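# Coordinate inspection notes
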Amino acid sequence: MRAAKIPKRLRAFFMVFFISTPMLSLPSQAIASEAQNTFLAPYSAVYSTIWKKGISLKVEGKQTLSKKSNNLWQFVFTADSMIASLNESSTFYVKDHQIIPTHYRYKSSALGKKRSATLTFDWDNNLVRNDVKDKPWNLTIPSKTLDKLSVQLQVRQDLKQGKNDFDYQIADGGYIKNWRFKRDKVEDINTKLGRFSAIKVIRTDNLEKGKKTSFWFVPALDYLLVKLEHQEDGESYHLDIESVK
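This report concerns the structure included in the present document. (Residues numbered from 1 in each chain as written. Predicted model: local features only at pLDDT ≥ 70, side-chain atom pairs only at ≥ 80, totals over all residues. Heavy atoms only, no water.)

The next subject is the pairing of strand S4 (residues 84–95). The buried fraction of S4 amounts to nine of the 12 residues, a majority that puts the element mostly inside the structure. Note: strand S3 (residues 73–80) against S4, eight bridges, orientation antiparallel. By the bridge assignment for S4, Ala 79 is matched with Leu 86. Taking the residues that link successive antiparallel strands as the turn, the S3-S4 hairpin has three residues. Note: S4 against strand S5 (residues 98–110), 12 bridges, orientation antiparallel. By the bridge assignment for S5, Leu 86 is matched with Ser 108. The turn joining S4 and S5, which pair antiparallel and follow one another in sequence, is formed by two residues; a positive phi near 50° is taken by Asp 96. (Buried < 20%, exposed > 50% of the residue type's maximum accessible area, 1.4 Å probe, protein only. Helix = DSSP H or I, 4+ residues; strand = E, 2+ residues; numbered from the N terminus. Pairing = 2+ DSSP bridges.)

This brings us to the environment of Pro 142. Secondary-structure assignment places Pro 142 in the loop between strand S8 (135–140) and strand S9 (146–147). A residue is classified by how much of its surface remains accessible, and Pro 142, at 36% relative accessible area, is partly exposed. The spacing of Pro 142 and Ala 171 is 29 residues in sequence and 9.8 Å in space, taken between C-alpha atoms. Residues within four places of Pro 142 in sequence aside, it is in contact with Trp 123, Gln 169 and Ile 176. (Contact = heavy atoms within 4.5 Å.)

Quick look at a positive patch on the surface now. Side chains of Lys 113, Arg 115, Lys 133 and Lys 135 sit close together on the surface and give a patch of like positive charge. Here Lys 113 falls in the exposed class, since its relative accessible area comes to 62%. (Patch = residues over 30% accessible without salt bridge, like charges linked within 9 Å, V, L, I, M, F, W, Y side chains within 5 Å. Areas by Shrake-Rupley, 256 points an atom, 1.4 Å probe, with all protein chains shown as cover. Salt bridge = Lys/Arg side-chain N within 4 Å of Asp/Glu carboxyl O. Lys, Arg positive; Asp, Glu negative; His and termini not counted. Charge placed at Lys NZ, Arg CZ, Asp CG, Glu CD.)

Take the pattern of salt bridges next. Taken as a whole and judged by the stated rule, the model has 10 salt bridges. Residue Asp 222 is joined to Lys 160 by a salt bridge in which the shortest nitrogen-to-oxygen separation is 2.9 Å. Placement of the pair is Asp 222 in the loop between strand S13 (212–218) and strand S14 (224–232) and Lys 160 in helix H3 (residues 151–160), with a sequence separation of 62 residues. By relative accessible area, Lys 160 is classed as partly exposed at 28%.

Where burial is concerned, most of S13 is hidden: six out of the seven residues are buried. In terms of strand pairing, strand S12 (residues 194–203) meets S13 through four bridges, oriented antiparallel. Within the sheet, the bridge partner assigned to Val 201 lies in S13 and is Phe 215. Inspection of the sheet shows S13 paired to S14 by seven bridges, in the antiparallel sense. Note on S14: the bridge partner recorded for Phe 215 is Leu 228. Connecting S13 to the next strand, S14, in antiparallel fashion are five residues, including Asp 222 with a positive phi near 60°.

A word on the nonpolar core. Looking at soluble globular proteins, one finds that nonpolar side chains tend to be buried together. Formed by 54 residues in total, the largest nonpolar core has its most connected members in Leu 65, Phe 92 and Phe 181. Once you skip the residues sitting within four places of it in the chain, Leu 65 turns out to touch Phe 39, Leu 40, Ala 41, Pro 42, Tyr 43, Trp 73, Gln 74, Phe 75, Phe 92 and Leu 153. (Core = buried A, V, L, I, M, F, W, Y, C linked by side-chain atoms within 4.5 Å.)

Here it is as structure tokens:
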């Protein structure tokens, strides 16, 4: 029986969630004690993801946020199925509640086809080095630019700070892209962890393209993402939390 091919849009969906290269040296004032004390707590969470378009494909994903040495944090997302795998990681530090990425790595494999990319952020010169297919090149970036994995943590941190509208610059695919989100309402939702009061957040920059993406974050769980729904062109993605520790 011929294996089903994972759609490009599903691979792109994985990237919303989600070290051998030497780290950049950090300025001594990079980490403010206040930001350290109020940043998100380390955790490991497992999610189930269902993609639907005629057929349903279920994939398990895992997120891990951990504190490293030298004031660095690492955020990792992995997903595996019988026909594909994905591994993303973002290494960063925090300054005044703002995530400052230093490295982003992406690796995927689907039906024998492999892809990989590495971004190295040079904040002294406001550049990001893109290393794709062993062909590195530099892109000028504005301050507060994020990678497409750490943006989820920045949304959580900004919710924690009481913000209602979110506007981010993302380094992705050789371009700087503008991702925008808006706090919607508070809803009571049922999860595998129990029933919680959750803040619903909507992505607003792609609504005109007929796409609708909604996220649910739970303040009682340090604003952890517990649910996601995405719809476009007859397709839908659903992500639900399974466990956290």
